[in-house]
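# Architecture and fold: a report
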Amino acid sequence: MELRTHAHIIKQARWFIVLFTLCAAASGFAWSVARPSPYQAIIGFDVFLVNRPAVKEYQYGAYYDLKAAELFGQTVMSWFLAPAVVKEMYDEAGVGYAIESATAFTDRFRAKQYSPQHFVVSFRSPDRENAQQLSRGIITVVERRAAKAGRVNDQSVFQVTGLEPIVTIAQLNIWLVTVVGGIAGLLLSLMFIYLREYFRN
């Protein structure tokens, strides 16, 4: 099909393309405005080395303290990928849940380490109360498991402390959704007119 033919097809259906694109963009805008805004909870955790194991030589102690805290923090972060631990957090919070799949159950949580002694966990929730309850359950379980996990000679080597959770409304970029809707509408309208042309011939 020559370029001139493409131009002719698009020119003939130009009003359909324009209207379809505008409708798709308007639908994206209306959906983003009308949908309930979810809440985002952000919980910071500090990792402390509280009982250093006794060794004969401990050169560069401060560096190894930070490195140990960093590795233990990564261990704690990995708990959010374990369905059994996530279930324990929900149970502690008294929040209902449904396990459709192990991946979907744990994918709700995002953990990121910002420094050797600090990491942050975030998740979204349909309402503020649910987010606050689950945040408290998460902090309780993490602190309890951390006290048991890092023990040497029946002493806790690390202490993980959860900070006050921050719960805010997760803002949606309305204009981005509108633009994406418009682009999707444009592509779909082109697909429709070419399908029509194909079956016509």
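Above this text is the structure in question.
This structure is a prediction, so every number in the text was calculated from the model and none was measured.

### Details of the overall build of the chain
A tally of helices and strands in the chain yields seven helices and seven strands. Put simply, of all contacts in the chain between residues at least 6 apart along the chain, 75% involve residues at least 24 apart. As presented, the chain carries roughly 12,900 Å² of accessible surface, and 60% of it is formed by carbon and sulfur atoms.

### Some details on the packing of helix H2 (residues 14–34) against helix H7 (residues 174–200)
Helix packing for two helices is described by the angle between their axes and how far apart those axes are. It is the contact of H2 with H7, at a shortest axis distance of 7 Å, that shows an interaxial angle of 145°. In the packing of H2 onto H7, the handedness of the crossing is right-handed. Split into classes, the residues belonging to the contact of H2 with H7 amount to 16 nonpolar, eight polar and no charged.

### Brief notes about H7
For H7, with 27 residues, the first-to-last C-alpha span of 39 Å sits near the 39 Å given by 1.5 Å per residue. For H7, every residue scored as buried is listed here: Val 177, Thr 178, Gly 181, Gly 182, Gly 185, Ser 189, Ile 193 and Glu 197.

### Comments concerning H2
In a regular helix each residue adds 1.5 Å, so 21 residues correspond to 30 Å; H2 covers 30 Å between its end C-alpha atoms and thus fits that length. Those residues of H2 not exposed but buried are Ile 17, Thr 21, Ala 24, Ala 25, Gly 28 and Ser 32. Burial along H2 is one-sided: seen end-on, the buried residues are contained in an arc of 95°. For H2, exposure combined with an orientation more than 90 degrees from the buried face picks out Trp 15, Leu 19, Leu 22 and Ala 34.

### Considerations on the pattern of salt bridges
The final tally for this structure, using the stated rule, is five salt bridges. Among the ionic pairs, Arg 144 bridges to Glu 88, the shortest N-O distance being 3.0 Å. On the criterion of sequence distance, the pair formed by Arg 144 in helix H6 (residues 128–149) and Glu 88 in helix H4 (residues 83–93) is long-range, its members being 56 residues apart. The class of Arg 144 is partly exposed, set by a relative accessible area of 31%. Across the pair Glu 92 and Arg 144 runs a salt bridge, and its minimum N-O distance is 3.4 Å. Residue Glu 92 is located in helix H4, and its partner Arg 144 is located in helix H6; the two are separated by 52 residues in the primary sequence. Connected through salt bridges with shared partners, the residues Glu 88, Glu 92, Arg 144 and Arg 145 form a single ionic network.

### A closer look at the packing of aromatic side chains
Evaluated as defined, the whole model comprises seven aromatic pairs. For the ring pair Phe 45 and Phe 119, a centre distance of 5.1 Å and an interplane angle of 15° mean the geometry is stacked. Of the two residues, Phe 45 is situated in strand E1 (residues 39–49) and Phe 119 in strand E3 (residues 118–125); the sequence distance between them amounts to 74 residues. Judged on exposure class, the residue Phe 45 and its partner Phe 119 are both buried. The rings of Phe 80, Tyr 90, Phe 109 and Phe 123 are connected pair by pair, giving a single aromatic cluster. Across the ring face of Trp 79, the terminal group of Arg 145 is positioned such that the distance to the ring centre comes to 5.1 Å.

### Examining the environment of Gly 185
Locating Gly 185 in the fold gives a position in helix H7. C-alpha separation for the pair Gly 185 and Phe 20, spaced 165 residues apart in sequence, amounts to 6.0 Å.

### Remarks on the packing of H4 against H6
At a closest axis distance of 7 Å, the pairing of H4 and H6 adopts a crossing angle of 125°. Considering their axes alone, H4 and H6 lie oblique with respect to each other. With respect to the hand of their crossing, H4 and H6 are arranged in right-handed fashion. Residues Val 85, Glu 88, Met 89, Tyr 90, Glu 92 and Ala 93 of H4 lie in contact with H6, whose contacting residues are Gln 133, Leu 134, Gly 137, Ile 138, Thr 140, Val 141, Val 142, Arg 144 and Arg 145. Tallied by class, residues from the contact of H4 with H6 come to eight nonpolar, three polar and four charged.

Quick notes on the rules
The numbering scheme is per chain: residues are counted from 1 as the chain's sequence reads. In keeping with the model being predicted, local features are shown solely for residues with a pLDDT of at least 70 and side-chain atom pairs are shown and tallied solely at 80 or more, while totals for entire chains, interfaces and linings include all residues. The side-chain quantities take in all heavy atoms of the structure and omit both hydrogens and water. Numbering of helices and strands starts at the N terminus; helices are DSSP runs of H or I of at least 4 residues and strands are runs of E of at least 2. Whether two residues are in contact is decided by their heavy atoms: any pair within 4.5 Å suffices. Computed with the Shrake-Rupley method and a 1.4 Å probe, the accessible areas treat only the protein chains shown as cover for residues. Whenever a helix is involved, its axis is fitted only over the stretch in contact; in every case the axis is a line through C-alpha atoms, and angles between N-to-C directions fall within 0 to 180 degrees. Take the far helix as your reference; a near helix turned counterclockwise from it by less than a right angle gives a left-handed crossing, and one turned clockwise gives a right-handed crossing. Three classes are used, and their members are as follows: Ala, Val, Leu, Ile, Met, Phe, Trp, Tyr, Cys and Pro are nonpolar, Asp, Glu, Lys and Arg are charged, and the others, Gly among them, are polar. Expected helix span is computed as 1.5 Å times (number of residues minus one). Here's how the labels work: a residue is buried when its accessible area is under 20% of the maximum for its type, exposed when over 50%, partly exposed in between, all with a 1.4 Å probe on protein chains only. Picture the helix axis, draw a direction to every C-beta atom, and the arc is the one those directions span. Just to be clear on terms, a salt bridge is a Lys or Arg side-chain nitrogen sitting within 4 Å of an Asp or Glu carboxyl oxygen. Centre distance within 6.5 Å is the pairing criterion for rings of Phe, Tyr and Trp, where only the six-membered ring of Trp is used; planes under 30 degrees apart are then read as stacked, over 60 as edge-to-face, and the remainder as tilted. Here, over-ring charges are defined by two tests on the NZ atom of lysine or the CZ atom of arginine: distance to the ring centre within 6 Å, and angle to the ring normal within 35 degrees. To sort the angles, those under 35 degrees are grouped as roughly parallel, those over 145 as roughly antiparallel, those from 65 to 115 as roughly perpendicular, and the leftovers as oblique.

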